[in-house]
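Summary of the model geometry
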Amino acid sequence: MKRLLMLLVRGYQRFISPLFPPSCRYSPTCSAYTLQALQKHGAIKGTLMGAARILRCNPFVHGGYDPVPDHFSLHRNKKAEMAYLKEMNLK
């Protein structure tokens, strides 16, 4: 099941995504996030995390760095974002 879902996301990345201008507000992109979530957390949790991320990607959020957390969560990975911002300010 996980492999089929990953194949669908990769198909989207290869054939559908290039037809539209880049619009994802997050890094990594929503499709890359979904692939990582599927790899890390499996088919059910990965799909839920990917869907939650897509719902968060809208014009009313500021976006930014939001990697897949090590533990299952449907919320934004604020710890990783703060660590990333802190590291960027030091450089």
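Computed from a prediction, not measured in an experiment: that's the story for all the values here.

1. Concerning the confidence of the model for the protein
Model confidence for the protein is summarised by a mean pLDDT of 92, while 98% of its residues fall at 70 or above. When mean pLDDT is taken per element in the protein, helix H1 (residues 2–16) scores highest with 97 and helix H3 (residues 78–90) scores lowest with 82.

2. A short note on the packing of aromatic side chains
Tallying each qualifying case throughout the model produces one aromatic pair. Over the ring of tyrosine 33 we find arginine 53, and its NZ or CZ is 4.4 Å from the ring centre.

3. Overview of the pattern of salt bridges
When the charged atoms of two side chains with opposite charge come close together, those side chains can pair. Overall, the coordinates contain four salt bridges when judged by the stated rule. In this structure, aspartate 70 engages lysine 40 in a salt bridge whose closest nitrogen and oxygen atoms are separated by 3.0 Å. Of the two residues, aspartate 70 sits in the loop between strand S2 (64–65) and H3 while lysine 40 sits in helix H2 (residues 30–56), which places them 30 residues apart along the sequence. Owing to a relative accessible area of 61%, aspartate 70 belongs among the exposed residues under this scheme. A relative accessible area of 46% places lysine 40 in the partly exposed class.

About the thresholds
- Residues numbered from 1 in each chain as written.
- Predicted model: local features only at pLDDT ≥ 70, side-chain atom pairs only at ≥ 80, totals over all residues.
- Heavy atoms only, no water.
- pLDDT = per-residue confidence, 0-100.
- Helix = DSSP H or I, 4+ residues; strand = E, 2+ residues; numbered from the N terminus.
- Phe/Tyr/Trp six-rings, centres within 6.5 Å; stacked < 30°, edge-to-face > 60°.
- Lys NZ or Arg CZ within 6 Å of the ring centre and 35° of its normal.
- Salt bridge = Lys/Arg side-chain N within 4 Å of Asp/Glu carboxyl O.
- Buried < 20%, exposed > 50% of the residue type's maximum accessible area, 1.4 Å probe, protein only.

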